[in-house]
Amino acid sequence: MWTISRRSIPARPSTRILELAKPKQDFGKNMYRPFYLYSCGRESTIWEHPPLVDFRLPSDRLVKLAEPKQYQAAYLLQRPRTSPEWPVSPAALSCKASPRIVELAQPKMLHPEFLSAKKVPTQVTNAVALARASSWVQQLAEPWVKKVTCCYEYGPFESAIRPISKFAQKAIASPRTLELAIAKRLHSDYIPMRDAAWSVTKAAKQAVATPRLVELAQPCKRLPMNLTQFNPNAFTVKKSAKKAVCSARIQELACPIQR
C-alpha cells in the first residue's frame with residue numbers, strides 16, 4: 001500500500017469527485033439482493049426462480065434471431081466433397097433413369113443353393129420329446145471312465161511306486177546290461193569346484209606383508225574431477241614421453257585395417 005502524504009489527509013473532495021464516487025445504480029431484478037452474496041470468496045448461490053406468470057411469448061425479434069443462419073450461394077458451390085448436403089439441379093430431379101441404370105439399381109440376388117443361418121434354439125418335435133432311449137443308447141451315453149495312472153494307491157514304504165511283474169523281478173541281467181549300467185567315470189585330471197568361502201591356513205593368518213606389498217596395496221591418489229579444472233598441471237605430458245619414439249611393431253599395429 002502506498003503511503004499517504006500529510007497534505008492529502010485533511011483535503012476535502014469536490015462535488016464532481018463525490019458525484020463520480022457514487023456506485024452505478026442496478027436497474028435489474030436483483031437490485032434488492034443482500035450484499036453478502038457478492039463478498040469475496042463466497043460461492044455462487046442459486047437464484048430464486050421467477051413465477052410462471054412472468055413468462056410470455058417471444059417477440060418477433062427473438063423469433064427472427066432464433067432462426068438458423070442460411071448458407072451462402074458461394075459456399076454451396078465451393079464446399080468440399082465431404083459435406084453431406086449437395087444441391088440437386090432441377091434437371092436431375094426430373095430426369096428418367098435408363099433401362100441399364102434400372103438394371104444396375106436392382107439388389108444382388110442370393111444364390112439358389114444359399115441356406116440362411118439356423119436359429120440357436122432348435123425346435124424339438126413332440127415325437128423326439130416323448131421318445132425313450134434304448135439300453136444300448138443309454139450305455140453309449142455313459143462317460144468313459146479312464147484309469148488314473150499318475151497316482152497310485154497308498155501302501156507301505158517298501159512297495160515300489162510302479163507295479164513290477166514277477167517275471168521282471170526274477171530276471172537276470174546280461175553282461176552287456178551290467179556294463180551299460182556302470183556310471184560314467186570322471187576324467188583323471190578333473191578338479192572339483194572350490195567352495196565359495198575358502199578356509200584360510202594358519203601360515204596365511206600369521207604372515208607379515210613386506211614393505212613392497214604395503215606400498216603396492218595403497219590406492220592411487222587422484223584429485224576429484226570437480227577440482228581438476230582448477231589444477232593447470234592435471235593433464236601435463238612428461239618430457240620423456242614427448243621425445244619417445246615408437247617401435248616399428250607399434251607403428252605397424254597403429255595402421256588402420258585396409259578393407
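Definitions and cut-offs
- Residues numbered from 1 in each chain as written.
- Predicted model: local features only at pLDDT ≥ 70, side-chain atom pairs only at ≥ 80, totals over all residues.
- Heavy atoms only, no water.
- Helix = DSSP H or I, 4+ residues; strand = E, 2+ residues; numbered from the N terminus.
- Areas by Shrake-Rupley, 256 points an atom, 1.4 Å probe, with all protein chains shown as cover.
- Salt bridge = Lys/Arg side-chain N within 4 Å of Asp/Glu carboxyl O.
- Buried < 20%, exposed > 50% of the residue type's maximum accessible area, 1.4 Å probe, protein only.
- pLDDT = per-residue confidence, 0-100.
- Phe/Tyr/Trp six-rings, centres within 6.5 Å; stacked < 30°, edge-to-face > 60°.
- Lys NZ or Arg CZ within 6 Å of the ring centre and 35° of its normal.

Chemist: Can you help me understand the overall build of the chain in this one?
Modeler: Counting its regular elements, the chain contains 14 helices and zero strands. Mapped from its N terminus to its C terminus, the chain presents α and β elements in the order α-α-α-α-α-α-α-α-α-α-α-α-α-α. For the chain, the computed accessible surface area is about 29600 Å², with 61% contributed by carbon and sulfur atoms.

Chemist: For this particular structure, what's the right way to read the pattern of salt bridges?
Modeler: Pairs can form between side chains of opposite charge once their charged atoms are near each other. Overall, the coordinates contain five salt bridges when judged by the stated rule. Ionic pairing is found between Glu179 and Arg176, a salt bridge with its closest N-O pair at 3.5 Å. Taken together, the residues Glu179 and Arg176, both in helix α9 (residues 175–181) and three residues apart, mark about one turn of the helix. Residue classification places Arg176 among the exposed residues on the basis of a relative accessible area of 51%. Among the ionic pairs, Arg212 bridges to Glu215, the shortest N-O distance being 3.6 Å. Of the two residues, Arg212 and Glu215 both sit in helix α11 (residues 211–217), three residues apart, roughly one turn of that helix.

Chemist: Hey, could you run me through the confidence of the model for the chain in this one?
Modeler: Detailed reading of the predicted coordinates is not advisable wherever pLDDT is low. Per-chain confidence: the chain averages 81 in pLDDT, with 77% of residues scoring 70 or above. Per-element averaging of pLDDT across the chain places helix α12 (residues 225–228) at the bottom with 68 and α9 at the top with 93.

Chemist: Could you clarify how one ought to interpret the packing of aromatic side chains in this entry?
Modeler: Two descriptors summarise a pair of aromatic rings, namely the distance from one centre to the other and the angle between the planes of the rings. Applying the stated rule across the entire model yields zero aromatic pairs. Above the face of the Trp198 ring, Arg194 is positioned so that its terminal group lies 4.4 Å from the ring centre.

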